[in-house]
Amino acid sequence: MNFSVLTSEFWALALQGTALGLIYSLIALGYTMVYGVLRLINFANSEIFMVGTFSTMLIEIVVFKRAIDLPALSGGKLIFVLLLTLMGSMLVCALLAMLVELVAYRRLRARGTNRLASLISAIGTSIFLSESVRLLSGSRSHSAPRVLDKWSFGEVAGANFRIDTMMTIVAAIVIFIVLEIFVTKSHLGKAIRAVSMSEENSKLMGINLNRVITMTFAIGGLTTGAAAFFYTTTYENTVFNVGFNLGIAAFTSAVLGGIGNLRGAFYGGLSLGLLEQFASAILGSQWKSVTVFLVLVLVLLIKPSGIFGEAVQQTRT
Amino acid sequence: MNKKFTRGLALAASAALVFGAVATTQANAASEVTIAVQGPFTGDYAQLGVDQYPGAQFAVAKYNATKPKVKIKLIKADSQCDGTVAANVAPGIAANAAVVGVIGTSCSGEARNSIPSYKAAGLAMVSPSATAVDLTDPLSKNNGSPVFHRVVVNDATQGPALAKYATLGLKKPKVFLIDDKSPYGAGLIVAVKDALPAYGTVAGQDSVPVPLSDWTSVVSKVKASGAAVVIYGGYDADAAKFVKALRDNGYKGIFAGGDGVDTSAFPGLAGSAAEGVRMTAPDVPFDTLVSKAVLKDFQKITGVKVPGLYVTSAYDSANIYIDCIKKGNTTRSTILDCVNDGLWKGIGGGAISFDQDGDVIGGAAVGGYLVKKGKIIYDKKL
């Protein structure tokens, strides 16, 4: 155990853990939104994230003609490219999520099959997407071009307030606030909540169930697409199986926070990001996953519904 | 034992005899034998295999062009630099009766899990790049003798060279050691650590489960340790992510790695962060050893403009088999005997033979490589 790293690098680890955790949170939303409505784990969400990372990279290379050996952008052009790439990634992921719902789940739901069939369908879709991209990408890592220079606002107590770190944190918080307002205030948000509480009663109230479910997938895809953009902009690489580890981390975040509720995904991801950083620093990187899953098991033993599972049931999506 | 079972057993035994006889006859009358080149051709570490394959391809093409009695067919066996994949690939190669030798494996983890199959099949291996010490350690359970051989020196030699090259120009600096938990990476770092007291001090150590997306906690540890040098034991794709994270977080010290990092893909993967990275490899670049005409021929046959890492040792490995086949050895057992007992001249001019554990006697000295202006250059012999 190395506590000296913790004392000297505490704020650096906390800042980095927050940024990473919020990327987990955004992906976790893809799981939690769908679970809230359908009580189904959409395992394909991790691959939707993976497709988002490739989309981000391809938009930068093909649309904006960026290359590994070109310098980063600045000024208005930088903002333009970043915004359009973010929107492109979100759009691709939203459309893919809607397509996955249409192809993999809707028919099963219409035929009244049990959840196990949907679960297998979800896993099958996930493998299909991952293997397709593996074949198309030569199954190796790909570096994304540097669009955003990693300049820093400054260093406080060892924490480096880098532009990409701050952009991820601020944007993720904004996305959560917007989503929370959307779910609680908008017409569609209320419909999503109604379906989440009772599918049968929602139908009786005249809610178009298929439309609500498709839109729920789309919203999950949008947040997952945003996560893919921030991930690729920060780490500048992707690979066909990138969704596996991040998907597990995001799913764990959703379960840790209480799957099915928005705030659970937010705090679950945040907790996981911080926990990973501190565990790596104190115990060594090889103990990171062991620590994280040990904590998850302990939390679930004490509170099976996750940290926020029961407490904020009413704000559940 | 019931009658049905006995009859089945007898049938199986007869079939085995017949097929065995057919296989033997085929081997005796061989006009073509197959050599498998085993390494990563897809996956994260593919560049290592992609870089070295042209060495074997060139040697075999030149040999086949002489219209020999027994031609050689090269096949690729892709085990992705992954021991688990290799454990599935190797039995298939061993079961292919046409294969009389293996050039490979590229990675030590692959070798570790392939050796049991090749030992059982009596199939010779000549590796151009697997450097983990335990593969030729007679006391290790991973010892590959008598089938495993390598034309490169092992990490007991590369480790001290890496420690020396990484700290070159600094006076006993603090060094942070990191490995990727692979048999190769972890083994190399053990060898570096053993040699380090002569060149610097250990400021900290970590083992990282790869693939890892976020390296920032490791960066924090490196910065907290005050290390002026970071030595990474692992492969190019992960090293690229790590060095990017170090530079993006303001770390200005030296970053160094072994031959796993030294692939032609590394500068492209790491971008500007690759600049100044120091690497070692027990290899001398092919283009520095051959004439312009040979290099032109190599480029024409392989389609590769700049020969990558371990082309030289893959070329030497292929020539060992070629020489054995020229001498009339076309079965697995005779080729294995030939490889175990032979003496050859490498393209670098030095003599190559193997000791009883499969380690090279002779072989190239460890070289220091450097990334300059986005390209890997051969810096010096260490």
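Predicted model only: the values in this text are computed from it and were never measured.

Asker: Help me understand the overall build of chain A in this model?
Answerer: Of the regular secondary structure elements, chain A holds 11 helices and 4 strands. In terms of C-alpha radius of gyration, chain A reaches 20 Å, essentially the compact-globule figure of 20 Å for 317 residues. Restricting the contact set of chain A to residue pairs at least 6 apart, pairs at least 24 apart contribute 79%. In the form shown here, chain A has an accessible surface area of approximately 13600 Å², with 70% of it arising from carbon and sulfur atoms. Taking the average place of the 23 positive charges on the side chains of chain A and the average place of its 15 negative ones, the gap between the two points comes to 9 Å.

Asker: Whenever I open this one, the overall build of chain B confuses me. Can you help?
Answerer: On a plain count of helices and strands, chain B comes out with 13 helices and 15 strands. For 382 residues, the compact-globule formula gives about 21 Å, and the C-alpha radius of gyration of chain B, at 22 Å, lands near that figure. Structurally, chain B occupies a C-alpha span of about 75 × 60 × 35 Å along its principal axes. Among the 382 residues that make up chain B, the fraction classed as buried is 58%. Sequence-distant contacts in chain B: of pairs separated by 6 or more residues, those separated by 24 or more amount to 70%. Counting every atom, chain B has about 15000 Å² of accessible surface; 57% of that belongs to carbon and sulfur.

Asker: What is the right way to look at the UniProt feature "transmembrane region" (unreviewed entry) in chain A in this model?
Answerer: Residues and elements named next belong to chain A. Mapped onto this numbering, the UniProt entry gives "transmembrane region" (unreviewed entry) at residues 20-41, 48-68, 80-104, 165-183, 212-232, 238-259 and 290-312. As annotated, residues 48-68 has a helix share of 76% and a strand share of 0%, and its two end C-alpha atoms lie 25 Å apart. Note that residues 238-259 is 73% helix and 5% strand, and that its end C-alpha atoms are spaced 27 Å apart.

Asker: Teacher, can you tell me more about the state of the cysteines here?
Answerer: Disulfides are covalent bonds that link the sulfur atoms of two cysteine residues. Residues and elements named next belong to chain B. For the coordinates displayed, the defined rule picks out 2 disulfides over all chains. The disulfide partner of C324 is C338, and the gap between their sulfur atoms is 2.0 Å. The S-S bond linking C324 to C338 shows a torsion near -90°; that makes this disulfide left-handed. Placement of the pair is C324 in helix α12 (residues 311-326) and C338 in helix α13 (residues 332-341), with a sequence separation of 14 residues. Assessed through its relative accessible area of 11%, C338 is described here as buried. Ordering the disulfide-forming cysteines of chain B by sequence position, one finds them joined as 1-2, 3-4.

Asker: It is not clear to me how the pattern of salt bridges should be interpreted in this structure. Could you clarify?
Answerer: Pairing between side chains of opposite charge can happen when the charged atoms of each approach one another. In the structure shown here, the tally under the stated rule is 17 salt bridges over all chains. Put simply, D248 of chain B and K150 of chain A hold a salt bridge, and the shortest N to O gap is 3.5 Å. With D248 of chain B in helix α8 (residues 236-248) and K150 of chain A in the loop between β1 (142-143) and β2 (152-156), this residue pair bridges two chains. The shortest N-O distance in the salt bridge between D297 of chain B and K62 of chain B comes to 2.4 Å. Highlighted residues: D297 of chain B in helix α11 (residues 292-302) and K62 of chain B in helix α2 (residues 46-64), separated in sequence by 235 residues. Among the residues examined, D297 of chain B registers a relative accessible area of 23% and is labelled partly exposed. Taking the relative accessible area as the measure of exposure, K62 of chain B reaches 37% and is therefore partly exposed.

Asker: Can you walk me through the sheet that holds strand β13 (residues 360-362) of chain B in this structure?
Answerer: All names here are of chain B. Strands sit in the order β11-β12-β13 across an open sheet of 3 strands; the sheet is antiparallel. Lying at the two open borders of the sheet, with one neighbouring strand each, are β11 (344-345) and β13. The pairing of β11 with strand β12 (residues 351-354) spans 2 bridges and is antiparallel. Paired with W344 across the bridge in β12 is I352.

Asker: Even after reading the chapter, I still don't get the pairing of β12 of chain B, so can you show me in this structure?
Answerer: On any regular strand, side chains alternate: one points to one face of the sheet, the next to the other face. Residues and elements named next belong to chain B. The antiparallel pairing of β11 with β12 creates a hairpin that spans 5 residues between the two strands, and G349 there sits at a positive phi of about 105°. Relative to β13, β12 is paired through 3 bridges, and the arrangement is antiparallel. Considered in β13, the bridge of S353 is made with I361. Here β12 hands over to β13 after 5 residues, with G358 in that stretch at a positive phi of 100°.

Asker: Any chance you could explain helix α1 (residues 3-38) of chain A here in plain terms?
Answerer: Helical periodicity: at 3.6 residues per turn, an α-helix aligns residues three or four positions apart in one direction. Residue and element names in this part refer to chain A. Here α1 is 36 residues long, yet its end C-alpha atoms lie only 44 Å apart, well below the 52 Å a rise of 1.5 Å per residue gives. At E9, α1 is bent by approximately 80°, the largest bend along its length. Buried residues dominate α1, accounting for 28 of its 36 residues. Downstream of α1 by one or two residues, R39 has phi in the positive range, about 55°.

Asker: Can you walk me through the interface of chain B and chain A in this structure?
Answerer: The figure often quoted for interface size is the accessible area lost as the parts come together. Between chain B and chain A, the contact holds 30 residues from the first and 33 residues from the second. For E236 of chain A, the salt bridge is made with K244 of chain B, and the minimal N-O distance between the two is 3.1 Å. Counting the contacts that link chain B with chain A gives 17 residue pairs in polar contact (both at pLDDT 80 or more). Of all elements in the fold, only α2, β7 (201-207), α7 (216-225), α8 and α9 (266-270) of chain B reach the threshold of two or more residues within the side of chain B that touches chain A. Of the residues forming the side of chain B that touches chain A, the biggest block, 7 residues, is contributed by α7 of chain B.

Asker: I'm lost on the sheet that holds strand β9 (residues 254-257) of chain B in this one. Help?
Answerer: Within a sheet, each strand pairs with its neighbour through backbone hydrogen bonds, oriented either parallel or antiparallel. Residues and elements named next belong to chain B. Reading across the sheet, the 7 strands line up as β7-β6-β8-β9-β10-β14-β15 and stay open at both edges, with mixed pairing between neighbours. At either margin of the open sheet sits one strand with a lone partner, and together these are β7 and β15 (375-381). This sheet shows a mean twist of 25° between the axes of neighbouring strands, independent of strand direction. Bridging between strand β6 (residues 174-179) and β7 involves 6 bridges; their strand directions are parallel.

Asker: So what exactly am I meant to see when it comes to the packing of helix α10 (residues 262-283) of chain A against α7 of chain B here?
Answerer: For any two helices packed against each other, one specifies the inter-axial angle together with the distance between the axes. Here α10 of chain A crosses α7 of chain B at 40°, and the two axes come no closer than 9 Å. Relative to α7 of chain B, the element α10 of chain A lies oblique. Between α10 of chain A and α7 of chain B the crossing geometry is right-handed. Facing α10 of chain A, whose interface residues are Q277, S280 and A281 of chain A, α7 of chain B presents T216, S217 and K221 of chain B. A class-by-class count of the residues in the contact of α10 of chain A with α7 of chain B yields 1 nonpolar, 4 polar and 1 charged.

Calculation rules
- Residues numbered from 1 in each chain as written.
- Chains lettered and ligands numbered in written order.
- Predicted model: local features only at pLDDT ≥ 70, side-chain atom pairs only at ≥ 80, totals over all residues.
- Heavy atoms only, no water.
- Helix = DSSP H or I, 4+ residues; strand = E, 2+ residues; numbered from the N terminus.
- Rg over C-alpha atoms; globule rule 2.2 N^0.38 Å.
- Contact = heavy atoms within 4.5 Å.
- Areas by Shrake-Rupley, 256 points an atom, 1.4 Å probe, with all protein chains shown as cover.
- Lys, Arg positive; Asp, Glu negative; His and termini not counted.
- Charge placed at Lys NZ, Arg CZ, Asp CG, Glu CD.
- Buried < 20%, exposed > 50% of the residue type's maximum accessible area, 1.4 Å probe, protein only.
- UniProt positions renumbered as here; feature names shortened; annotations may be inferred.
- Disulfide = S-S within 2.5 Å.
- Salt bridge = Lys/Arg side-chain N within 4 Å of Asp/Glu carboxyl O.
- Pairing = 2+ DSSP bridges.
- Expected span 1.5 Å × (residues − 1).
- Bend = angle between axes of the 7 residues up to and from the residue.
- Polar contact = N/O pair within 3.5 Å; in protein donor to acceptor, adjacent residues only side chain to side chain.
- Axes fitted to C-alpha atoms, helices over the stretch in contact; angles between N-to-C directions.
- Parallel < 35°, antiparallel > 145°, perpendicular 65-115°, else oblique.
- Left-handed = near helix turned anticlockwise from the far one by under 90°.
- Nonpolar A, V, L, I, M, F, W, Y, C, P; charged D, E, K, R; others polar.

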